[in-house]
Each structure stands twice: as structure tokens, then as C-alpha cells.
Amino acid sequence: IAKCLLNSLKTKALNYTKVEEDEGGFAKSNMFMINNTYYLLQQLAPSKKEKKRQKEKEQNEDGTTSTANDGERYQLTAKWFEEQIRAIFESEKVKYLSHWEAINMHLTSVDSAGLEYQKNKNLLSLDSGRLFKERFKGFNEDFAKLYRIHHQLAVIDPALRRDLQTSIKKVFLSRYEKFYVKYSKVRFSKKNQQEYLRFPPPKVHQMLDALYGGGMVMGLDMTSSSSGGGGGSGSALGTQASL
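Thresholds, definitions, all that
Residues numbered from 1 in each chain as written. Predicted model: local features only at pLDDT ≥ 70, side-chain atom pairs only at ≥ 80, totals over all residues. Heavy atoms only, no water. Helix = DSSP H or I, 4+ residues; strand = E, 2+ residues; numbered from the N terminus. Buried < 20%, exposed > 50% of the residue type's maximum accessible area, 1.4 Å probe, protein only. Contact = heavy atoms within 4.5 Å. Areas by Shrake-Rupley, 256 points an atom, 1.4 Å probe, with all protein chains shown as cover. Axes fitted to C-alpha atoms, helices over the stretch in contact; angles between N-to-C directions. Nonpolar A, V, L, I, M, F, W, Y, C, P; charged D, E, K, R; others polar. Parallel < 35°, antiparallel > 145°, perpendicular 65-115°, else oblique. Core = buried A, V, L, I, M, F, W, Y, C linked by side-chain atoms within 4.5 Å. Phe/Tyr/Trp six-rings, centres within 6.5 Å; stacked < 30°, edge-to-face > 60°. Salt bridge = Lys/Arg side-chain N within 4 Å of Asp/Glu carboxyl O. Arc of directions from axis to C-beta. Expected span 1.5 Å × (residues − 1).

Student: So what exactly am I meant to see when it comes to the overall build of the protein here?
Tutor: When helices and strands are counted, the protein shows 8 helices and 2 strands. Taking all 243 residues of the protein together, 43% fall into the buried category. In the protein, of all internal contacts separated by at least 6 residues, the share reaching a separation of at least 24 is 75%. If you sum the accessible surface of the protein, you get close to 13,900 Å²; carbon and sulfur atoms cover 50% of it.

Listed below in C-alpha cells is the structure:
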């Protein structure tokens, strides 16, 4: 039964990737498997304390522990079950986080030795300023697009939600903070500097904390701008199957 359930989940997850017009199909597929494998581990796999107690109990031939009179939850104690489910969970999590890794391509350093300034010594020349504009614009566009897609996904379990939020921050936020602090001080645009700096790190941190139903970001503007845009956050998409 457990193997049939896994095959069913994989089939349903694959269906998300078959909708060509859905730009977030693969992310939804990954999140579907993350939610459901985590749920299976929480509900059916024994905890550490339960594993200790199981050594003192008799096990049924099918690998389940009897719950007849003690009020304990039904469990699948077969070793293959937990190992396979956990392996799928970790694999899907790695795939999911890879969607965010592309942001780092914009957070590269700029060689200050070759920078040229205009006559007033404060504002960079158009060519030099373009080096910074391209980086900030690229980050803004990709982050806004990713946030628009991933903000639709729902994670019901608070612990899993916090884990995913923290994991995403580890992918790029520390690097972005250093990039932003260093280069936001450079005046590379005469009229649109603040547009390029529209995502200060504290705001990005707050937005990530609001992912998956974790909260609302007050005053969030995801509309297009000269430094990269995106659409609205959309409604939450539930991605946990009924088990």
C-alpha cells in the first residue's frame, strides 16, 4: 500500500510540470512532494522515542506496530519506508532550492579600478553605471518573478515552513546583503537610483518570512519598474494531497 501511495504522489507531482503555460510548474511539483513526504514522515514514521519503545514491543509481520489498546498512532516501522521517504524529501528539497540559486549570478563583484566618473566626481559615467544597473536590475527581476511564483505555494506545517524559509535565505540572502551594502553606496544612476535599490535586505528578509502562508508583507509593491518587475503575489496554492 505504501509503495502504491508513493507512486500515486509521484504521478500527481509530475502533472504540475505538464502545464506549459504554468511558469511555476516545477516548483509546485517539488513543493507537492516536499509537503507530502514530510507529512508521511510525521504521521507514519516512528519518532526517536517511539523507536526506543518499539524495541520492547512485538512487531507484526507486515512491519507495523500494534496500536490496539494503548492509543498510539499507526506506524510503518519497516526500515525501507523511512529511508525511502526521507531520501525523496531531501532530493525534492534540493531541487526546490535550486530555483532560487539563479539569483546569485547577478551578485558578482565590480572591478572598481576601471570605473569612470562624470565631471562632478560623484556620479558614474553611463558605461560604468551600467555595470551596476545590470546587476541590480537582474536581481530585482529574478527575485520579483520567483517571489510571485513561490508566494502562491502553501506549507501548512509551521516547522517545515520555517525550515524552507531559512534554507532559501542561506541560498542567496547573505551574499545579497554584502552586495547591497557595498554597491548601494555608489551613485550609478542620476534619476533612478532608488528604483534599482527597491529591495533592501531587511525587506527581502521580511518577504521571505511571509512565504507559504507565513504572514503578510505590508505595503509590498510587486509591479513592474525600470529595475525589474513582477506581478501580484496571487492566492495560496495548497500542495498537500489528501492522505
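Student: Just to check I follow, could you spell out the packing of helix α4 (residues 79–101) against helix α5 (residues 126–150) for this structure?
Tutor: Two quantities define a packed helix pair, namely the angle between the helix axes and the distance between the axes. Put simply, α4 and α5 touch, their axes get as near as 10 Å, and they point 145° apart. Along its contact with α4, which presents Y96, H99 and W100, the element α5 presents F143, L146, Y147 and H150. Residues that form the contact of α4 with α5 fall into these classes: 5 nonpolar, 2 polar and no charged.

Student: Looking at this structure, I do not really get the packing of helix α6 (residues 158–183) against helix α8 (residues 201–209). What am I missing?
Tutor: With their axes 10 Å apart at the nearest point, α6 and α8 run at an angle of 170° to one another. When the axes of α6 and α8 are compared, the pair comes out roughly antiparallel. Within the contact between the two elements, α6 uses Q165, I168, K169, F172, L173, Y176, E177 and Y180 and α8 uses P201, V204, H205, L208 and D209.

Student: Help me understand the nonpolar core in this model?
Tutor: Residues Y96, W100, F143, F172 and Y176 are the most contacted members of the largest nonpolar core, which totals 43 residues. Residue assignment for this core shows that the elements contributing at least two residues are α2 (25–43), α4, α5, α6 and α8. In terms of residue count, the dominant contributor to this core is α6 (10 residues). Non-local contacts of W100, meaning those with residues more than four positions away in its chain, are made with F143, L146, Y147, H150, I168, V171, F172, L208 and L211. Grouped together as the second largest cluster of nonpolar side chains are 11 residues, A2, L6, L9 and M33 included.

Student: Before we go on, may I ask you to explain the packing of aromatic side chains in this structure?
Tutor: Working definition: an aromatic ring pair is given by the centre-to-centre distance plus the angle between the planes. Following the criterion strictly, the structure yields 19 aromatic pairs and no others. Here the aromatic rings of F143 and F199 are separated by 5.1 Å at their centres, their planes lie at 75°, and the arrangement is edge-to-face. Here the residue F143 occupies a position in helix α5, and F199 occupies one in the loop between α7 (193–196) and α8, the gap between them amounting to 56 residues. The buried category is assigned to F143, whose relative accessible area is 0%.

Student: Would you mind going over the environment of Y180 with me for this structure?
Tutor: One can find Y180 in helix α6. C-alpha separation for the pair Y180 and L197, spaced 17 residues apart in sequence, amounts to 8.1 Å.

Student: Explain the pattern of salt bridges to me, please; I cannot follow it from the model alone.
Tutor: Where charged atoms of side chains with opposite charge meet at close range, the side chains can pair. Using the criterion set out here, one finds 5 salt bridges in the structure. Ionic pairing is found between K93 and D163, a salt bridge with its closest N-O pair at 2.7 Å. Of this pair, K93 sits in helix α4 while D163 sits in helix α6, and the two are 70 residues apart along the sequence. Classification of K93 by relative accessible area gives buried; the value is 13%. K169 serves as the salt-bridge partner of D209, at 2.6 Å between the closest nitrogen and oxygen. With D209 in helix α8 and K169 in helix α6, the pair connects residues that are 40 residues apart, well separated along the chain. Since its relative accessible area comes to 30%, D209 is described here as partly exposed.

Student: In this structure, what is going on with α8? I would like to understand it.
Tutor: What sets the pattern is the α-helix's 3.6 residues per turn: residues three or four places apart point alike. For α8, every residue scored as buried is listed here: P201, V204, M207 and L208. Along the axis of α8, the buried residues cluster in a sector spanning 120°; they form a single face.

Student: Would you mind going over the side chain of N30 with me for this structure?
Tutor: Looking at the element boundaries, N30 is found in helix α2. A residue is classified by how much of its surface remains accessible, and N30, at 7% relative accessible area, is buried.

Student: Would you mind going over helix α1 (residues 2–16) with me for this structure?
Tutor: With 15 residues, α1 extends 22 Å from end C-alpha to end C-alpha; this agrees with the ideal 21 Å at 1.5 Å per step. Buried within α1 are the following residues: A2, L6, L9 and A13. An end-on view of α1 places all buried positions within 60° of arc, on one side of the element. Away from its buried face by more than 90 degrees, α1 exposes K3 and C4. Its buried side turned inward, α1 meets α2 and α4.

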